[in-house]
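Geometric and topological summary
Chain residues, written in single-letter form:
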Amino acid sequence: MKYLAPKTVEEATTLLAEHPGATVFAGATDVIPQLKAGRPEPEALVDLKKISQAVSVSDEGGHWSIGAATATAKLTGNKALAAEFPGLVEAAGLIGSDQVQSRATLGGNLCNASPAADSVPAMIANGMRAVIAGPGGTRTVAVEDIPTGPGSTQLQPGEFVVSFELDHAPARTGDAYLRLIPRTEMDIAVVGAGVRITLDDAGNVASATVAIGAVAPTARRVPAAEEALVGNPINDTTLAAVAEAASAACNPIDDKRGTIAYRRQVAGVLARRAVVAAAERAAASTNGASNNGETR
Amino acid sequence: MSRTHVTCTINGDEVEFLCEDDTTLLNALRDEVGLTGSKEGCGTGDCGACSVIMDGALTCACLVFAPEAEGATVVTVEGIADGNKLHPLQQTFLEGAALQCGVCTPGFLVAAKALLDENPHPTETEVRYALAGNLCRCTGYDKIIRAVLAAADYNGSEG
Ligand SMILES: Cc1cc2nc3c(=O)[nH]c(=O)nc-3n(C[C@H](O)[C@H](O)[C@H](O)COP(=O)(O)OP(=O)(O)OC[C@H]3O[C@@H](n4cnc5c(N)ncnc54)[C@H](O)[C@@H]3O)c2cc1C
Ligand code: FES
Ligand code: FES
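With that out of the way, let us pick up the overall build of chain B. In terms of helices and strands, chain B carries five helices and five strands. The secondary structure elements of chain B, listed N-terminal to C-terminal, are β-β-α-β-β-β-α-α-α-α. Over its C-alpha trace chain B gives a radius of gyration of 16 Å, about what one expects of a compact globule, namely 15 Å for 159 residues. Along the longest, intermediate and shortest principal axes, the C-alpha atoms of chain B span 50 × 30 × 25 Å. Across the 159 residues of chain B, 50% fall into the buried class. Of the contacts formed within chain B by residues at least 6 apart in sequence, a portion of 55% connects residues at least 24 apart.

Take a look at the structure:
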């Protein structure tokens, strides 16, 4: 196996074309354990961390650009990003220990395509888009459309994610990600729920995105929960509808971390709690608590 | 296949080594550089026994490919003492008997050093979260946490 470290996107796409058996990597926090577990070695490993667009976080005016190979520690350490999207940054910050945070990336979390990947429901809730480079040029795809099943994505041979686009949040917007794990640190989600809420001036929900993870082959949105929220206040009736919709949207597995019935119930509970947390942040953002960007 | 030549700075010294591209930094440190302080507990990022500080960031050497270290600055447990003077953490680990078999100790020392470098006076909760990536099968953790808190006090008196 050969280690290759291209410095530009073009160099990377050329190397990937020359080495059809190559795999890209960023933090290797999934790749190395998988090799240790006996997965066959690729012909070459292409390190994305020397490509500047893939490892930078910048405010591009209308949106944030987040390099797909940026270590999650850089995201949790970015005060402006964390103030505008606390739920997204908290989700990224849940991945592993401090040791893992210095290596793990959003691109790896998404493209490893574990149904339980923590950052994915939060990325979906925030409408993030992946900028993909490949032999045919560049294309932009919604994050929710990238995973197609456990361990598989819609990326074509020679393609990789360079960065993510994240539009600035409208006023009175808040996001949240909650997960359940058996320990308080270092475990795989039994259920995860990512929510983003925008409130109108009357305090009703103007728009909502609800995404759940670890309860189906891929993270998925829950349209019925979103419909139950839009136009309504956050109250017991809407929250009960959210919980019911999230439980109904599950198609979970039974394993040592949780039975099907347990996962279904917890998905409802976490979706409801994440809606409450996101709505509280949305309400507080009128005071500038989470929308203090100058760009709007 | 020809081996890759890597030049990096380890514990302040410029070091060169040759490695296979699929070798981890942990194996290169132990087998090529001869620094066997970093331990392999799991090889998959779970136990922290291989913790090193690479370009200022705490990381598991078992999750890094050795060629990635080209041009990097790496601190291992061998590099945390000041000559013959132990690092305050090494001192308080000894005084507080914060180890039994000792396999986890290098990793705890490096992770705790990374914490105290960032946050010289952490709370107990902060210490526990910061060391969540380090496993110990012997001590039950309490003595380790006490030793780190004691070293933080030491930090204060040293200014
Ligand atoms: C101890 C430990 C604890 C962990 N805890 C958690 C946790 O709590 N929650 C969680 O969700 N995960 C967890 N993980 C899994 C892992 O850390 C995350 O999935 C991480 O985000 C992967 O990022 P990476 O850059 O290290 O991926 P890599 O290992 O570099 O890559 C993973 C996969 O994605 C592909 N890939 C990487 N980057 C790109 C790209 N830009 N474009 C296209 N394909 C790409 C690679 O080819 C590979 O198939 C843990 C791992 C360890 C070792
Ligand atoms: S050996 Fe690296 S984390 Fe266990
Ligand atoms: S002292 Fe034995 S593992 Fe910690």
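Having put the structure on the table, let's press on.
Residue and element names in this part refer to chain A. For strand 10 (residues 160–167), the tally of buried residues reaches six of eight residues, placing the bulk of the element in the interior. Inspection of the sheet shows strand 5 (residues 63–67) paired to strand 10 by five bridges, in the antiparallel sense. Residue pairing in the sheet places tryptophan 64 in a bridge with leucine 166 of strand 10. As paired elements, strand 6 (residues 129–134) and strand 10 share five bridges and run antiparallel to each other. Across the sheet, the residue bridging to arginine 129 is glutamate 165, located in strand 10.

Contact with chain B, which involves 27 residues of that partner, is made by 25 residues of chain A. Buried surface at the junction of chain B and chain A, summed over both partners, amounts to about 2100 Å²; 60% is from carbon and sulfur atoms. Considering only the surface of chain B that becomes buried against chain A, B:Leu63, B:Phe65 and B:Glu68 emerge as the three largest contributors, covering 30% of it. Across the contact surface, chain B and chain A share four salt bridges. With a shortest N-O distance of 2.8 Å, B:Glu68 and A:Lys49 are connected by a salt bridge.

Calculation criteria
- Along each chain, the written sequence defines residue order, and numbers are assigned to residues from 1.
- To label them, take the chains in the order written and letter them from A, then take the ligands in the order written and number them from 1.
- Owing to the predicted nature of the model, reporting of local features is limited to residues with pLDDT of at least 70; listing and counting of side-chain atom pairs is limited to 80 or more, with chain, interface and lining totals taken over all residues.
- With hydrogens and water set aside, each side-chain value is computed from the structure's full complement of heavy atoms.
- The way it works is that DSSP assigns letters per residue, a run of H or I at least four long becomes a helix, a run of E at least two long becomes a strand, and they are numbered from the N terminus.
- As defined in this context, the radius of gyration uses C-alpha atoms, and a globule is described by 2.2 Å times the residue total to the power 0.38.
- When a residue's accessible area, from a 1.4 Å probe over protein chains only, is under 20% of the maximum for its type it is buried; when over 50% it is exposed; and in between it is partly exposed.
- What makes two residues a contact is simply this: any of their non-hydrogen atoms within 4.5 Å.
- A pair of strands counts as paired when DSSP detects no fewer than two bridges linking them.
- Two parts placed together each lose some accessible area; with a 1.4 Å probe, that loss summed over both constitutes the buried area.
- A pair is scored as a salt bridge if a Lys or Arg side-chain nitrogen falls within 4 Å of a carboxyl oxygen belonging to Asp or Glu.

Keep in mind these numbers describe shape, not what the thing actually does.
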